[in-house]
Amino acid sequence: MKQFFGMSQTGSLEEALRGLYQPQFIMLLSNEEQFERHVEELEKRCPGVPSIGCIGMCYQMGVVEHGVGVIAFCDGVAAAAGVLEHVSTMPVKYIQRLERNIQQVRGSSRDTVCIDFCTGNDACVLTTMNTVLRQHGISLVGGTGGEGRVSANGRVYQDAVVYGVVRNLGGCVKTYKENIYHQLGNYRFIASDTDRAKYILGSLNGKSAKQVYKSILHVTDEEILTRTFQNPFGKVNGDDTCIISIKDVQGGALACFRQVNDSDVLILLELGDYRAIVQDTIRQICREFPHRSAIFSVNCLFRYKLFSEQNYMQAYLRDMAALGNHAGFVGYGEHYNNRFVNQSMTCAVFE
Amino acid sequence: MLFAGKKREARRVQEETGLYPLLHVSESLKEYQRMLVHQEVTSLWELRQVGASFSGVLENADHFQVKLENLDGSFTNISQTSEQFLQVKSAVAGSVEEAQGEMAALAQISAEVQQSFDAMRETFGQLQSAINAIQHCMDKIVSIADETNILAINASIEAARAGAAGRGFSVVAEQVKRLAEEIKILTGEVDAGVRDVESSAGQLNDRIGLSQQTLGQGVGIVEEANESFRKITEAADGAVTVQEDISGVITVSQQELQSIRQFFSQIKEQYQDVVKHIDSASRLGTTKSALFEDLDNMISQIPPLVRDIESQGKK
């Protein structure tokens, strides 16, 4: 397969689509003002081609912050796009669509991946989608788009998740998740007094979550919000750790960018040597995929900000480009199979 | 009446065909899920406490093992000190042996001196005999001189009788008498000298006797010293036995200590095994929380779904 990346910093879809021929699956990354128009134009330009879209930044060798970007797969791909609506309450109502789309592309665990853009209630959405995907052994990579709007096959949706089931006809597909944080100290907390709807974390080991965070890191209320770059929480799930960013302070509780549940086991994380970790990921991908046709990734907005602050973003994109044709988008939360995470990078590598 | 009947019939139809039971099941499941989560929080907390306690046990076991190692080190130190004692004993024995050697040499020299004294005693005996012989000779000379004197007196008397003719003889007799007197005087002087020699020799002899006596006492002291050295050596040998006993006890103690350490190592392995299982259970607990989330995510969709289906039915 081939991956196409086109972009326009000024928001010209025409410019972004220049050089795209016979796409088999399209991902549109647009801006708030032009999103609906871009969706419509794209459908006119490429009618009937499975497509999904959201509002967000995209990147290849550079980052497109306010324009438009198109990532498309061509040659040797079978794809179908779909949507689950009412994700804030009952995405399961439309779950049969996903099942049909998988059947449509004859997807299998070896060669198929599901890519999604979601407007919110991500954990519930991923749980719901995973009930189907896990039966086929199909991995998922995706993220949260901005402004509560997404698109699928030329139509804009609110309160929805749009997805593409992509089958690589030329080889395998595998997904990866990169975590640039490691455990701080030996702290281990059991969450309680949570509000999953509002992503509130009330208590850790029975004490105010805010006080626990402050007393360990010696920070003020104001510093908590910026300190999440250095020290987010990690939700332990077996051998895996899902990063949880802190969004706000609410009384003695902490509001997060991801839901926290009673009985979740949390740890404190600290930023590691991210340059070395990125190189490790690249080496692992090279080892497992000596021949790569494309890499599609989702990077968290927090990572983008952190890398930009550290003057590393361009170098990061150069490093990732060394893998081959790499493109992706900046999400407000990342999806990896049934896990909703923050401050991470997830990617799908096509053989 | 008819209206009331129709209302009852409508309620019956709604009860039989409505989705309320599904909602009820959903709410019940949700409640059970909440209770399950609550129990899980408690279980995780307990597990965490168990883990913490076992960590404490492990820490204490480590601490105890360190103490055992220290004790082992102390035993080793005692053993080393005991060996140093053996070295000291060897040094004492060496010194005693050296001193005994010197004492033997001293005894040898004393014996030689004794022999010299004995030889001197014999020489003095011979000197005494010679002095006695000289005195005897002197007595004879005095006797001869006396006889000569008497002869001279007699000759003078005879010369006086002879008158002038015997005047010359009288002179000779007088000279003989004078010679005899001189001989007597000389003999007396020799005799006095000999007596002085005899007296000095006697004194020397007495002093040699005293020296011999002192030497004899010295030899006695050497023998006593030898006896003391023998006792020191015997005592040192006895200390060696004590040291060997100590070493034996230390060896046995160290073996016992080794057994205790092995026991604690085994216990520690078992503790670590328990901790491993606790960690494993804890890890499983974390995956359970993800399942609870999934469960919650799915159950939470039922009520809106039911309401949606019901509203579709009304249309």
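Bear in mind that the values here come from a model prediction, so they are computed numbers and not experimental data.

1. Description of the overall build of chain A
Then, number 1: Summing up its helical and strand segments, chain A has nine helices and 28 strands in all.
Then, number 2: A total of 351 residues make up chain A; the buried ones form 63% of that total.
Then, number 3: Intrachain contacts of chain A at a sequence separation of at least 6 include 81% that bridge at least 24 residues.
Then, number 4: With an accessible surface of roughly 12900 Å², chain A has 45% of that area assigned to carbon and sulfur atoms.

2. Focus: the overall build of chain B
Then, number 1: Looking only at helices and strands, one finds four helices and zero strands in chain B.
Then, number 2: Counted from the first residue to the last, chain B has its helices and strands arranged as α-α-α-α.
Then, number 3: Considering chain B as a whole, with its 315 residues, one finds that 24% of them fall into the buried category.
Then, number 4: Considering only contacts within chain B whose residues lie at least 6 apart along the sequence, 93% involve residues at least 24 apart.

3. Overview of the sheet that holds strand β28 (residues 345-350) of chain A
All names here are of chain A.
Then, number 1: If you walk across this open sheet you meet the six strands as β5-β4-β25-β24-β28-β13, and the pairing is mixed. Two strands lie at the open edges of the sheet, namely β5 (63-64) and β13 (173-178), each paired on one side alone.
Then, number 2: Where β13 and β28 come together, six bridges link them in antiparallel fashion. Following the sheet pairing, Tyr 176 is matched in β28 by Cys 347.
Then, number 3: Lying over the sheet, helix α7 (residues 274-288) contacts β13 and β28, oriented at roughly 165° with respect to β13.

4. Description of the pairing of strand β7 (residues 77-85) of chain A
Residues and elements named next belong to chain A.
Then, number 1: Judged by how many residues are buried, β7 sits mostly within the fold: nine of nine residues are covered.
Then, number 2: Judged from the nine bridges that link them, β7 and strand β12 (residues 160-168) form a sheet pairing that is antiparallel. The partner of Ala 81 across the bridge, within β12, is Gly 164.

5. Here's the deal with the confidence of the model for chain A
Then, number 1: Mean pLDDT over chain A: 94, with 100% of residues reaching 70 or higher.
Then, number 2: Mean pLDDT in chain A bottoms out at strand β27 (residues 339-341) of chain A, which sits at 89, and peaks at strand β11 (residues 155-158) of chain A, which reaches 98.

6. Observations regarding the state of the cysteines
Then, number 1: Scanning all chains against the criterion turns up zero disulfides over all chains.
Then, number 2: Cys 74 of chain A provides the cysteine sulfur closest to Cys 46 of chain A, a residue in no disulfide bond, and the two sulfurs are 9.4 Å apart.

7. Description of the interface of chain B and chain A
Then, number 1: Counting from both sides, the interface comprises 23 residues of chain B and, opposite them, 28 residues of chain A.
Then, number 2: For the chain B and chain A pair, buried surface summed over both sides reaches about 2200 Å², with 56% attributable to carbon and sulfur atoms.
Then, number 3: It is Thr 286, Glu 293 and Gln 301 of chain B that lose the most area in chain B upon contact with chain A, and together they represent 25% of the buried surface on that side.
Then, number 4: At the boundary of chain B with chain A, the tally comes to four salt bridges.
Then, number 5: Of the charged contacts, one joins Lys 235 of chain A and Glu 293 of chain B as a salt bridge, the two residues approaching to 2.7 Å between their closest N and O atoms.
Then, number 6: One can count 13 residue pairs in polar contact (both at pLDDT 80 or more) joining chain B with chain A.
Then, number 7: Class assignment for the residues of the side of chain B that touches chain A results in nine nonpolar, seven polar and seven charged.

8. With respect to the sheet that holds strand β21 (residues 246-250) of chain A
Residue and element names in this part refer to chain A.
Then, number 1: Ordered by their spatial adjacency, three strands build an open sheet running β16-β22-β21, and the pairing between neighbours is antiparallel. Only two strands of the sheet have a single partner each, and these edge strands are β16 (200-201) and β21.
Then, number 2: Across two bridges, β16 lies against strand β22 (residues 253-256) in antiparallel orientation. Residue pairing for β22: Ile 200 is matched across the bridge by Ala 255.
Then, number 3: With respect to the sheet, helix α5 (residues 209-217) is in contact with β16, β21 and β22, its orientation differing from that of β22 by roughly 90°.

9. Quick look at the environment of Met 120 of chain B
All names here are of chain B.
Then, number 1: Among the secondary structure elements, Met 120 is positioned in helix α2 (residues 20-162).
Then, number 2: For Met 120, a relative accessible area of 33% puts it in the partly exposed group.
Then, number 3: With 85 residues separating them in the primary sequence, Met 120 and Asn 205 have C-alpha atoms 8.5 Å apart.

10. Here's the deal with the pattern of salt bridges
Then, number 1: The tally for this structure, following the rule as stated, stands at 26 salt bridges over all chains.
Then, number 2: Between Asp 146 of chain B and Lys 184 of chain B there is a salt bridge, with its nearest N and O atoms 2.9 Å apart. Note that Asp 146 of chain B is positioned in helix α2 and Lys 184 of chain B in helix α3 (residues 165-299), a separation of 38 residues in sequence.
Then, number 3: We classify Asp 146 of chain B as partly exposed; its relative accessible area is 28%.
Then, number 4: Salt bridges sharing partners connect three or more residues here, namely Lys 235, Arg 258 and Asp 264 of chain A together with Glu 293 of chain B.

11. Regarding the nonpolar core
Then, number 1: The biggest cluster of nonpolar side chains holds 41 residues, and the ones touching the most others in it are Phe 307 and Tyr 316 of chain A.
Then, number 2: Mapped onto this core, the elements with two or more residues apiece are β4 (57-59), β23 (265-271), α7, β24 (294-300), α8 (301-309), α9 (313-321) and β28 of chain A together with α2 of chain B.
Then, number 3: Discounting chain neighbours no more than four positions away, the residues touching Tyr 316 of chain A are Val 278, Asn 299, Arg 303, Phe 307 and Met 345 of chain A.
Then, number 4: Core analysis: the next-biggest nonpolar cluster, separate from the first, contains 33 residues, Leu 29, Cys 58, Tyr 157 and Val 166 of chain A among them.

12. As for a nonpolar patch on the surface
Residues and elements named next belong to chain B.
Then, number 1: Judged by side-chain polarity, Ile 78, Val 242 and Ile 246 come together as a nonpolar surface patch covering roughly 230 Å² of accessible area.
Then, number 2: One can find Ile 78 in helix α2.
Then, number 3: Accessibility expressed as a relative area gives 40% for Ile 78, which makes it partly exposed.

13. Topic: the packing of aromatic side chains
All names here are of chain A.
Then, number 1: Counted according to the given criterion, the structure contains twelve aromatic pairs over all chains.
Then, number 2: Judged by centre distance (5.1 Å) and plane angle (45°), the ring pair of Phe 229 and Phe 302 falls under tilted. Taken as a pair, Phe 229 in the loop between α6 (221-227) and β19 (233-237) and Phe 302 in helix α8 lie far apart in primary sequence, 73 residues in all. Across the pair, Phe 302 and Phe 229 agree in class, each one buried.
Then, number 3: Ring pairs connect the aromatic residues Tyr 274, Phe 307, Tyr 312 and Tyr 316, which therefore count as one cluster.
Then, number 4: Against the face of Phe 257 rests Lys 247, its NZ or CZ located 5.5 Å from the ring centre.

14. Some words on unusual backbone geometry
Then, number 1: Phi is positive for Asp 75 of chain A, which is not a glycine, with a value near 60°.
Then, number 2: For Asp 75 of chain A, the position within the fold is in the loop between β6 (68-74) and β7.

15. Let's talk about the confidence of the model for chain B
Residue and element names in this part refer to chain B.
Then, number 1: Per-chain confidence: chain B averages 79 in pLDDT, with 96% of residues scoring 70 or above.
Then, number 2: Mean pLDDT per element in chain B: helix α1 (residues 2-17) is the minimum at 68, and helix α4 (residues 302-314) is the maximum at 85.
Then, number 3: For this predicted complex, the interface score ipTM comes out at 0.89, alongside a pTM of 0.70.

Conventions we followed
Residues numbered from 1 in each chain as written. Chains lettered and ligands numbered in written order. Predicted model: local features only at pLDDT ≥ 70, side-chain atom pairs only at ≥ 80, totals over all residues. Heavy atoms only, no water. Helix = DSSP H or I, 4+ residues; strand = E, 2+ residues; numbered from the N terminus. Buried < 20%, exposed > 50% of the residue type's maximum accessible area, 1.4 Å probe, protein only. Contact = heavy atoms within 4.5 Å. Areas by Shrake-Rupley, 256 points an atom, 1.4 Å probe, with all protein chains shown as cover. Pairing = 2+ DSSP bridges. Axes fitted to C-alpha atoms, helices over the stretch in contact; angles between N-to-C directions. pLDDT = per-residue confidence, 0-100. Disulfide = S-S within 2.5 Å. Buried area = accessible area lost by both parts, 1.4 Å probe. Salt bridge = Lys/Arg side-chain N within 4 Å of Asp/Glu carboxyl O. Polar contact = N/O pair within 3.5 Å; in protein donor to acceptor, adjacent residues only side chain to side chain. Nonpolar A, V, L, I, M, F, W, Y, C, P; charged D, E, K, R; others polar. Core = buried A, V, L, I, M, F, W, Y, C linked by side-chain atoms within 4.5 Å. Patch = residues over 30% accessible without salt bridge, like charges linked within 9 Å, V, L, I, M, F, W, Y side chains within 5 Å. Phe/Tyr/Trp six-rings, centres within 6.5 Å; stacked < 30°, edge-to-face > 60°. Lys NZ or Arg CZ within 6 Å of the ring centre and 35° of its normal.

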